[in-house]
Amino acid sequence: MLSMRVSLFASALLTLAFPLTVSATTFYVSDGIGDDANNGQSWATAKKTIQAGVDIAANGDAVLVTNGTYVLTNQISISNAVSVQSVNGAESTTVNGNSLVRCFYISHPNASLDGFTIRGGYTATDGAGVYLEGGGTVEHCAIVGNLALGWGGGVQIDYAGVLNDCVVSNNVANDSGGGVAFYFGGMATNCSISWNSSIKGGGVFGEQGGVIANTQIDHNLARITNIINVALGGGACGSSLSLNDCSVFSNRAESFGNVVNLRSLGGGAYLYGTSTVQNVAVHDNVTEGFGGGLYLTSASSAKVCVVANNTAGWGGGIYVTNSFLYDSSVIGNVATSSGGGVFSAHGVVTNCQVSGNTANGYGGGGGHGFDAAVFSGWAVEANGGPLVGFGGGLVIM
């Protein structure tokens, strides 16, 4: 009996010192040869649908999906710490919502989705291609041609979640964030966000958070067709949104029909609520209203940026109101009315180079400031305006 107790005690010590590990299991999915009645533990016994593979996977397991187009009748829901990965990448593996359902809903912080083309998603709410709620990672995916009647035509991220190395294009949201929408957090890195459309944030929209880094935001559109709404931020729009080391170019904010052009703001981006922009190239964006490149308001700031060749009615390069522009270059922008480079209303502009800008109306090719605007330490060079007596460089009113 004593020897048995000693043996059991020794076994317990060994278990504590060298805890047992459970190996992760890989499950296989093939639309071509699979059957959801199979156990999914080899290609020969593969599941047919991705959801069937996910349903039998436990935390830490992987679901490997081979080439094909997987047409959905219901969204794919991932609520465990499961990795879902294609064999040969987005070029070879497509998930299609068939314009009927959202493609993916992910609700676990350690879930991941890797290497799919995600298209044809539809939802009457938010996140038609992918909805990340509370975490999860989507990478190496092409998210194209999805439609949300609310936010996030391509991707919706609530509270946490990461979008990495993805292409997000040709998506539509009827409200906000044609490509990607953030709500109180989330991140997009190393992505291309292009040719998306919405009313607010044609490419990206963020409400109380969201970080965008090393990302190209181009050829997106914010537009309205009525006098109720305002088109905000062709490329990006948001509060407490951060853009770092990005390129924002060839985006538009515009109105159509009999809608007055004052209702389109921020061709490149409309940012409010302490949003920040740092080391961003903003060029060749257009709006008929205010802020061709950037519209900054409500204590937002831009720093170490190059703002070039943008066009607007007022503030061809940047419109700054109750916000800050630091250490930036504002070059070659055009305003059809005033403030070719910078239009500042109670804003602060510090240590900037403003050159080669033009205002076609009154108020200075370089800058136009009123209502306690502050300009300090900036160089104003070779700006122009056609109206004699109104100043090619800077007008303060």
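Please refer to the structure placed before this passage.
As the structure is a computational prediction, the values presented were derived from the model and not from experiment.

1. What to know about the overall build of the chain
So, step 1. Within the chain, the regular secondary structure consists of two helices and 52 strands.
So, step 2. Counting across all 397 residues of the chain, residues that qualify as buried make up 54%.
So, step 3. Surface exposure of the chain reaches about 15,600 Å², of which carbon and sulfur atoms provide 55%.

2. Some points on the nonpolar core
So, step 1. Of all hydrophobic cores here, the largest spans 63 residues; its most connected members are Ile50, Val84, Val138 and Leu163.
So, step 2. Contacts of Val84, omitting those with residues within four sequence positions, involve Ile50, Val54, Val63, Val65, Ile78, Ser112, Leu113, Asp114 and Phe116.
So, step 3. In terms of nonpolar packing, the next biggest core, distinct from the first, is built from 13 residues, Leu232, Cys237, Tyr270 and Tyr319 among them.

3. Here we look at the state of the cysteines
So, step 1. The tally for this structure, following the rule as stated, stands at zero disulfides.
So, step 2. Of all cysteine sulfurs in the structure, the one in Cys191 sits closest to Cys246, which takes part in no disulfide; the separation is 9.7 Å.

4. Quick notes on a nonpolar patch on the surface
So, step 1. Among the surface-exposed residues, Leu147, Leu149 and Val172 lie close enough to one another that they form a single nonpolar patch of about 180 Å² accessible area.
So, step 2. You can see Leu149 is positioned in the loop between strand 14 (147-148) and strand 15 (155-158).

5. So, the packing of aromatic side chains
So, step 1. With the rule as written, the count across this model stands at 15 aromatic pairs.
So, step 2. Arranged with centres 4.9 Å apart and planes meeting at 75°, the rings of Trp151 and Phe205 form a pair that is edge-to-face. Here Trp151, found in the loop between strand 14 and strand 15, pairs with Phe205, found in strand 23 (residues 204-207); they are 54 residues apart in sequence, far enough to count as distant. Each member of the pair Trp151 and Phe205 is classed as buried.
So, step 3. Measuring from centroid to centroid gives 5.0 Å for Tyr319 and Phe343, while their planes differ by 15°, and the two rings are stacked.

6. Remarks on the environment of Asn333
So, step 1. Note that Asn333 resides in the loop between strand 43 (329-331) and strand 44 (334-338).
So, step 2. When its relative accessible area of 0% is taken as the criterion, Asn333 is described as buried.
So, step 3. A sequence separation of 22 residues divides Asn333 from Ser355, and the C-alpha atoms of the two residues are 8.7 Å apart.
So, step 4. Beyond its immediate chain neighbours, meaning those up to four positions away, Asn333 contacts Val307, Ala308, Asn309, Asn310, Gly316, Gly317, Gly340, Gly356, Asn357 and Thr358.

7. Examining the environment of Cys103
So, step 1. Assignment of secondary structure puts Cys103 in the loop between strand 6 (93-96) and strand 7 (104-106).
So, step 2. For Cys103, the residues in contact, after removing those within four places along its chain, are Leu72, Gln75, Ile76, Val95, Asn96, Gly97, Ile118, Arg119, Gly121, Ala128, Gly129 and Asn146.

8. Here we look at the pattern of salt bridges
So, step 1. Counted under the stated rule, the structure contains three salt bridges.
So, step 2. Linking Lys48 and Asp31 is a salt bridge whose minimum nitrogen-to-oxygen distance equals 3.7 Å. Separated by 17 residues along the polypeptide, Lys48 in the loop between strand 1 (26-29) and helix 2 (50-56) and Asp31 in the loop between strand 1 and helix 2 bring together distant segments of the chain.
So, step 3. Looking at Lys48, the relative accessible area reads 32%, which means it is partly exposed.

9. Brief notes about the pairing of strand 19 (residues 180-183)
Consecutive side chains along a regular strand alternate between the two faces of the sheet.
So, step 1. Across four bridges, strand 15 lies against strand 19 in parallel orientation. When the bridges of strand 19 are listed, Gln156 appears paired with Ala181.
So, step 2. Sheet analysis places strand 19 next to strand 23, joined by four bridges and oriented parallel. Within strand 23, the residue paired with Phe182 across the bridge is Gly206.

10. Quick notes on the environment of Lys303
So, step 1. One can find Lys303 in strand 38 (residues 301-303).
So, step 2. What makes Lys303 partly exposed here is its relative accessible area of 37%.
So, step 3. Linking Lys303 and Thr276, residues 27 residues apart in sequence, is a C-alpha distance of 8.1 Å.
So, step 4. Excluding anything up to four places from it in sequence, Lys303 contacts Val277, Gln278, Asn279, Tyr326, Asp327 and Ser328.

11. Structural notes on unusual backbone geometry
So, step 1. Its identity is not glycine, yet Asp245 carries a phi of approximately 55°, on the positive side.
So, step 2. Relative to the helices and strands, Asp245 is located in the loop between strand 29 (242-244) and strand 30 (247-249).
So, step 3. Taking relative accessible area as the criterion, Asp245 reaches 37% and is therefore assigned partly exposed.
So, step 4. Phi angles above zero are rare outside glycine, and Ala299 is one such case at about 65°.

12. Comments concerning the pairing of strand 15
So, step 1. The two faces of strand 15 match: Val155 and Ile157 on one face and Gln156 and Asp158 on the other face are all buried.
So, step 2. Relative to strand 15, strand 11 (residues 130-133) runs parallel, the two sharing four bridges. Counted as the bridge partner of Leu132 is Ile157 from strand 15.

13. Focus on the side chain of Ser112
So, step 1. For Ser112, the location among the structural elements is in strand 8 (residues 112-114).
So, step 2. A polar contact is formed between the side chain of Ser112 and the side chain of Ser83, at a distance of 3.5 Å.
So, step 3. For Ser112, the contacting residues outside a window of four places in its chain are Val82, Ser83, Val84 and Thr137.

The rules behind the values
- Residues numbered from 1 in each chain as written.
- Predicted model: local features only at pLDDT ≥ 70, side-chain atom pairs only at ≥ 80, totals over all residues.
- Heavy atoms only, no water.
- Helix = DSSP H or I, 4+ residues; strand = E, 2+ residues; numbered from the N terminus.
- Buried < 20%, exposed > 50% of the residue type's maximum accessible area, 1.4 Å probe, protein only.
- Areas by Shrake-Rupley, 256 points an atom, 1.4 Å probe, with all protein chains shown as cover.
- Core = buried A, V, L, I, M, F, W, Y, C linked by side-chain atoms within 4.5 Å.
- Contact = heavy atoms within 4.5 Å.
- Disulfide = S-S within 2.5 Å.
- Patch = residues over 30% accessible without salt bridge, like charges linked within 9 Å, V, L, I, M, F, W, Y side chains within 5 Å.
- Salt bridge = Lys/Arg side-chain N within 4 Å of Asp/Glu carboxyl O.
- Phe/Tyr/Trp six-rings, centres within 6.5 Å; stacked < 30°, edge-to-face > 60°.
- Pairing = 2+ DSSP bridges.
- Polar contact = N/O pair within 3.5 Å; in protein donor to acceptor, adjacent residues only side chain to side chain.

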